[in-house]
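Listed below are the residues making up each chain.
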Amino acid sequence: MQDSWKPLLTAEKEKPYFQSLWAFVQTAYAETTVYPPKERIFHAFDAVGPSDVRCVILGQDPYHGPDQANGLSFSVNDGVMFPPSLRNMFKELESDIGCPRPESGNLEKWAKQGVFLLNAVLTVEAGKAGSHGKKGWETFTDRVIEILSDQDEPIAFILWGNYAKSKKALIDTDKHLVLESVHPSPLSASRGFFGSRPYSKVNAWLEETGRKPIDWCL
């Protein structure tokens, strides 16, 4: 992760729960197939420093299929077929601000502009969604959300689905923008995700607060 995260998270990593979590993660990578690749676990933290975060898109845990997860929530590696939720995100992106369907589902371009693509759980066993949940990752990423909420610069938090919405309690809603809707999953997208216009709403808010909008087109 970028050096600017280390003063904020070093103490967290020294806590017993994280030491236990990290031992579990190390064993899991040694004995099973785990995603994302080990060097990409903290990729979201490599891509953007805390003071540069302008928007947070919170996911639950990484994709659990081969070659999909790259350490950024909802993002997949170049050349990988779009998972259904990401496909719906791109449909909304087109209808919201006119971005054409991208060729790649890699969201690195967003991250480089200060979009922090954070999963609540940072690892997963192949083929087993949620398998690394309740091992300690949630405690760690909850602390990350609190740290971001404490930043002086206001941030837009995008919370899709009930799981992400449960993190609203960690956010200072007087300071930050919080956008909530159902999840972009095919099971719920037609019940309020389509038409929610998150991308244009974030940009309008950024401009209202005197900052440059995000170029969401990939």
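All residue numbers here refer to positions counted from 1 along the written sequence of the relevant chain. Thresholds applied to this predicted model are a pLDDT of at least 70 for local features of residues and 80 or more for the giving and counting of side-chain atom pairs; totals over whole chains, interfaces and linings are not thresholded and use all residues. Values reported for side chains reflect all heavy atoms of the structure, with hydrogen atoms and water molecules removed beforehand.

**Q** Would you mind going over the layout of surface pockets with me for this structure?
**A** In this approach, a probe sized like a water molecule rolls over the atoms, and the result shows the empty space that is left. A pocket here means an open set of points on a 1 Å grid, computed over the protein atoms alone, that has protein on both sides within 12 Å along at least five of seven lines. A cavity is instead a set of points where a 1.4 Å probe fits but cannot get out; residues with an atom within 4 Å of a point line either one. Grid points are joined across faces, edges and corners, and a volume is the space filled by probe spheres set on the points. Counted as a void, the largest pocket has a volume near 570 Å³. Breaking the lining of the largest pocket down by element, the ones donating at least two residues are strand E2 (55-59), helix H4 (84-97) and helix H7 (161-165). Runs of E in the DSSP output that reach at least two residues are strands. Runs of H or I that reach at least four are helices, and both are numbered from the N terminus. Per element, the largest residue contribution to the lining of the largest pocket is 4 residues, and it comes from H7. Of the residues contributing to the lining of the largest pocket, the split by class is 17 nonpolar, 14 polar and 1 charged. Here the nonpolar group is Ala, Val, Leu, Ile, Met, Phe, Trp, Tyr, Cys and Pro; Asp, Glu, Lys and Arg are the charged ones; every other residue, Gly included, is treated as polar.

**Q** Sorry, what's going on with the packing of helix H2 (residues 16-31) against helix H6 (residues 137-149) here?
**A** Each pair of packed helices can be summarised by the angle the axes make with each other and by the distance between the axes. Look at H2 against H6: their axes get within 9 Å of each other, and the N-to-C directions meet at 125°. Regarding the angle of H2 to H6, the classification is oblique. As H2 runs across H6, the sense of the crossing is left-handed. When H2 is examined against H6, the residues Tyr17, Phe18, Leu21, Trp22 and Val25 are found in contact with a partner set consisting of Trp137, Thr139 and Phe140. Classifying every residue of the contact of H2 with H6 gives 7 nonpolar, 1 polar and no charged. Only the stretch in contact is used when a helix axis is fitted, and all axes are lines through C-alpha atoms; the angle between N-to-C directions ranges over 0 to 180 degrees. By the definition adopted for this analysis, an angle is roughly parallel if under 35 degrees, roughly antiparallel if over 145, roughly perpendicular if from 65 to 115, and oblique otherwise. Rotating anticlockwise by less than a right angle from the far helix to the near helix defines a left-handed crossing, while the corresponding clockwise rotation defines a right-handed one. The contact criterion used is simple: two residues touch if any of their non-hydrogen atoms lie within 4.5 Å.

**Q** Looking at this structure, I do not really get the pairing of strand E5 (residues 156-160). What am I missing?
**A** Successive residues of a regular strand alternate their side chains across the two faces of the sheet. When a residue's accessible area, from a 1.4 Å probe over protein chains only, is under 20% of the maximum for its type it is buried; when over 50% it is exposed; and in between it is partly exposed. E5 sits mainly inside the fold: 5 of its 5 residues count as buried. Burial along E5 is two-sided: Ala156, Ile158 and Trp160 facing one way and Phe157 and Leu159 facing the other are all buried. In this description, strands pair whenever DSSP reports at least two bridges between them. Across 4 bridges, E2 lies against E5 in parallel orientation. The residue of E5 that forms the bridge with Cys55 is Ala156.

**Q** Which parts of the structure should I look at to understand the side chain of Asp96?
**A** Mapped onto the elements, Asp96 comes out in helix H4. For Asp96, a relative accessible area of 7% gives the class buried. A polar contact is formed between the side chain of Asp96 and the side chain of Arg197, at a distance of 3.0 Å. Pairing of N or O atoms within 3.5 Å defines a polar contact, subject to two protein rules: one partner must be a possible hydrogen donor and the other a possible acceptor, and residues neighboring in sequence count only if both atoms are side-chain atoms. A distance of 2.6 Å separates the side chain of Asp96 from the side chain of Ser200, its partner in a polar contact. Apart from the residues lying within four places of it in its own chain, the contact partners of Asp96 are Arg197, Pro198, Tyr199 and Ser200.

**Q** Help me out: how do you make sense of the side chain of Ser104 in this one?
**A** As for its position among the elements, Ser104 is in the loop between H4 and helix H5 (108-112). A distance of 2.6 Å separates the side chain of Ser104 from the side chain of Asp78, its partner in a polar contact. Polar contacts involving the side chain of Ser104 include one to the main-chain amide nitrogen of Asn106, which spans 3.1 Å. Those residues within four positions of Ser104 in sequence are excluded, and the remaining contacts are Asp78, Phe82, Phe90 and Leu218.

**Q** What am I meant to see in the packing of aromatic side chains here?
**A** Two descriptors summarise a pair of aromatic rings, namely the distance from one centre to the other and the angle between the planes of the rings. Any two rings among Phe, Tyr and Trp, with Trp reduced to its six-membered ring, count as a pair given centres within 6.5 Å; such a pair is stacked if its planes are under 30 degrees apart, edge-to-face if over 60, and tilted if neither. Per the stated rule, a full pass over the model turns up 21 aromatic pairs. Between the aromatic rings of Trp5 and Phe45, the centroid separation amounts to 5.0 Å while the plane-to-plane angle is 75°, which identifies the pairing as edge-to-face. Note that Trp5 is positioned in the segment before helix H1 (6-13) and Phe45 in helix H3 (residues 43-47), a separation of 40 residues in sequence. There is no split in this pair, since Trp5 and Phe45 are both buried. Here Trp22 and Trp137 contribute two aromatic rings whose centre-to-centre distance is 6.5 Å and whose plane-to-plane angle is 85°, an arrangement assigned as edge-to-face. Of this pair, Trp22 sits in helix H2 while Trp137 sits in helix H6, placing them 115 residues apart in sequence. Trp22 gets classed as partly exposed once you look at its relative accessible area, which sits at 26%.

**Q** Can you walk me through the environment of Thr33 in this structure?
**A** Structurally, Thr33 can be placed in the loop between H2 and strand E1 (34-35). Once the C-alpha coordinates of Thr33 and Lys128 are considered, the two residues, 95 residues apart in sequence, prove to be 10 Å apart.

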